[in-house]
Amino acid sequence: MDLDAAAVLSRYVDAIVIRSSSDARLASLAGAAAVPVVNALTDTHHPCQALADVLTLQEHFGQLRGRTIAYVGDGNNVATSLTHAAAMLGVHVHVASPEPYQLPHAVVQQATSVARHGARLRLFTDAADAVAGADAVYTDTWTSMGQEGEADIRRRVLAPYQVNDELMALARPGALFMHCLPAHRGEEVTADVFESDVSVVFDQAENRLHGQKALLLMLLDPATIL
């Protein structure tokens, strides 16, 4: 982004929230802006979604330390930020992905370095192994924005990672189902699971509002949080 634009925006607003395909572009804006800059989504990170996710987990479980969340499917931006946030809160993370779509090695290193309270990150290629005994099962769309040309091959490669009743049965009784939306029923998740009593997808959606209001409050008036 043009650095002059960052300076101008800083005169207009108290904070900037940006979605961009590029982490470098976002970092450039943040470096030039005189106001807080919030990453609302990049191709490699989705921290605001992770805030909503851990808030949802806390609402349903209370204490998070020692819980296990299994993420199955594409090791994308949602998986990256969820892994970071969960590890920092003491939540064990299991990520199951096929070889071409696994979490980047750098993400694994980062999550391991920020893990607290004994949290462990384990990588799997078999969805059943990752979900076994988990307290929550999370998935995301197999084809994100900008990947439409890969849709057919992604459906074929990721088909074994669909979240269905059989997979959910391997998790703990009453395990939550999570998705950041929009979902494609019949692809990454079946309609039966998506619409079941254990699905908290709309809690997550609501908590995007509450989590990001809290984030802005912290950035604009930190004394209120402290």
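Check the entry above for the structure.
First things first, this report covers the structure right here in the doc. (Residues numbered from 1 in each chain as written. Predicted model: local features only at pLDDT ≥ 70, side-chain atom pairs only at ≥ 80, totals over all residues. Heavy atoms only, no water.)

1. Notes on the nonpolar core
What counts, and what does not: In plain words, nonpolar cores are sets of buried Ala, Val, Leu, Ile, Met, Phe, Trp, Tyr and Cys residues tied together by side-chain atoms within 4.5 Å. Accessibility here uses a 1.4 Å probe with only protein chains present; expressed as a share of the type maximum, an area under 20% marks a residue as buried, one over 50% as exposed, and anything in between as partly exposed. Contacts: residue pairs with any heavy atoms within 4.5 Å of one another.
Counting residues in each nonpolar core, the largest one holds 24 residues, and the members touching the most others are Val72, Val131, Val163, Phe177 and Val189. Excluding residues within four positions of it along the chain, Phe177 makes contact with Val137, Thr139, Val163, Met168, Val189, Val193, Phe194, Val198, Ser199, Val200, Val201 and Gln204. Ranked by size, the runner-up nonpolar core spans 20 residues in total, among them Ala79, Leu82, Val93 and Tyr138.

2. As for the packing of aromatic side chains
Quick reminder of the rule: Centre distance within 6.5 Å is the pairing criterion for rings of Phe, Tyr and Trp, where only the six-membered ring of Trp is used; planes under 30 degrees apart are then read as stacked, over 60 as edge-to-face, and the remainder as tilted. The way it works is that DSSP assigns letters per residue, a run of H or I at least four long becomes a helix, a run of E at least two long becomes a strand, and they are numbered from the N terminus. Over a ring means this: the NZ of a Lys or the CZ of an Arg is within 6 Å of the ring centre and within 35 degrees of the ring normal.
This structure, assessed with the given rule, holds two aromatic pairs. Ring centres of Tyr71 and Tyr138 lie 5.7 Å apart, and the angle between their planes is 35 degrees; on these two criteria the pair is classed as tilted. In this pair, Tyr71 is assigned in strand S3 (residues 68–72) and Tyr138 in strand S6 (residues 136–139), connecting sequence segments 67 residues apart. Among the residues examined, Tyr138 registers a relative accessible area of 0% and is labelled buried. Ring geometry for Phe194 versus Phe202: centroids 6.0 Å apart, planes at 85 degrees, classification edge-to-face. Under the relative-accessibility criterion, Phe202 is labelled exposed at 55%. Its end group placed over the ring of Phe61, Arg67 keeps NZ or CZ at 4.2 Å from the ring centre.

3. Describing the pattern of salt bridges
Quick note on the threshold: For this document, the term salt bridge refers to a Lys or Arg side-chain nitrogen within 4 Å of an Asp or Glu carboxyl oxygen.
Overall, the coordinates contain seven salt bridges when judged by the stated rule. We note a salt bridge from Arg154 to Asp74, for which the minimum N-O separation is 3.0 Å. Here Arg154, found in helix H7 (residues 151–158), pairs with Asp74, found in the loop between S3 and helix H4 (77–88); they are 80 residues apart in sequence, far enough to count as distant. Taking relative accessible area as the criterion, Arg154 reaches 4% and is therefore assigned buried.

4. Points about the packing of H4 against helix H5 (residues 105–114)
Using the following cut-off: Note on definitions: angles span 0 to 180 degrees between N-to-C directions of axes, and those axes are lines fitted to C-alpha atoms, for helices only across the stretch in contact. Each angle gets one of four labels, with under 35 degrees taken as roughly parallel, over 145 as roughly antiparallel, 65 to 115 as roughly perpendicular, and the rest as oblique. Left-handed describes a crossing whose near helix is turned anticlockwise from the far helix by less than a right angle; the clockwise case is right-handed. Polar here means any residue outside two lists: the nonpolar Ala, Val, Leu, Ile, Met, Phe, Trp, Tyr, Cys and Pro, and the charged Asp, Glu, Lys and Arg; Gly therefore counts as polar.
At a minimum axis separation of 8 Å, H4 and H5 run at an interaxial angle of 15 degrees. Our classification of the angle between H4 and H5 gives roughly parallel. The hand of the H4/H5 crossing is right-handed. Of the residues in H5, those touching H4 at Thr80, Thr83, His84, Ala87 and Met88 are Val107, Gln110, Ala111 and Val114. For the contact of H4 with H5, the residue count by class is five nonpolar, four polar and no charged.

5. A look at the sheet that holds strand S7 (residues 176–179)
Test applied: Here, a strand pair is defined by DSSP locating no fewer than two bridges between the strands.
Spatially, the five strands line up as an open sheet ordered S5-S4-S3-S6-S7, and their pairing is parallel. Two strands in the sheet have a free side with no partner beyond their single neighbour: strand S5 (121–124) and S7. Across this sheet, the average inter-strand angle for adjacent strands is 20 degrees, counted without regard to direction. With five bridges joining them, S3 and strand S4 (residues 92–96) adopt parallel strand pairing. Among the inter-strand pairings, Thr68 is bridged to a residue of S4, identified as His92. Sheet strands in contact with H4 are S3, S4, S5 and S6, and its direction is about 170 degrees off that of S3.

6. A few points about H4
Quick reminder of the rule: To estimate the expected span of a helix, count its residues, drop one, and scale the result by 1.5 Å. Polar contacts here mean pairs of N or O atoms no more than 3.5 Å apart (in protein, one a potential hydrogen donor and the other a potential acceptor; neighbouring residues in sequence count only if both atoms are side-chain atoms).
If you check H4, its first and last C-alpha atoms are 17 Å apart, about what 12 residues at 1.5 Å a residue would give, namely 16 Å. Its side-chain oxygen 3.1 Å from the backbone nitrogen of Val78, Asn76 forms the N-cap of H4. The first or second residue beyond H4 is Gly90, which carries a positive phi of 85 degrees.

7. Focus on helix H10 (residues 201–220)
Between its terminal C-alpha atoms H10 stretches 29 Å, which fits the 28 Å expected from 20 residues at 1.5 Å a residue. Contacts from the buried residues of H10 go to strand S1 (16–19), strand S2 (37–41), helix H3 (47–61), S6, S7 and helix H9 (191–194).

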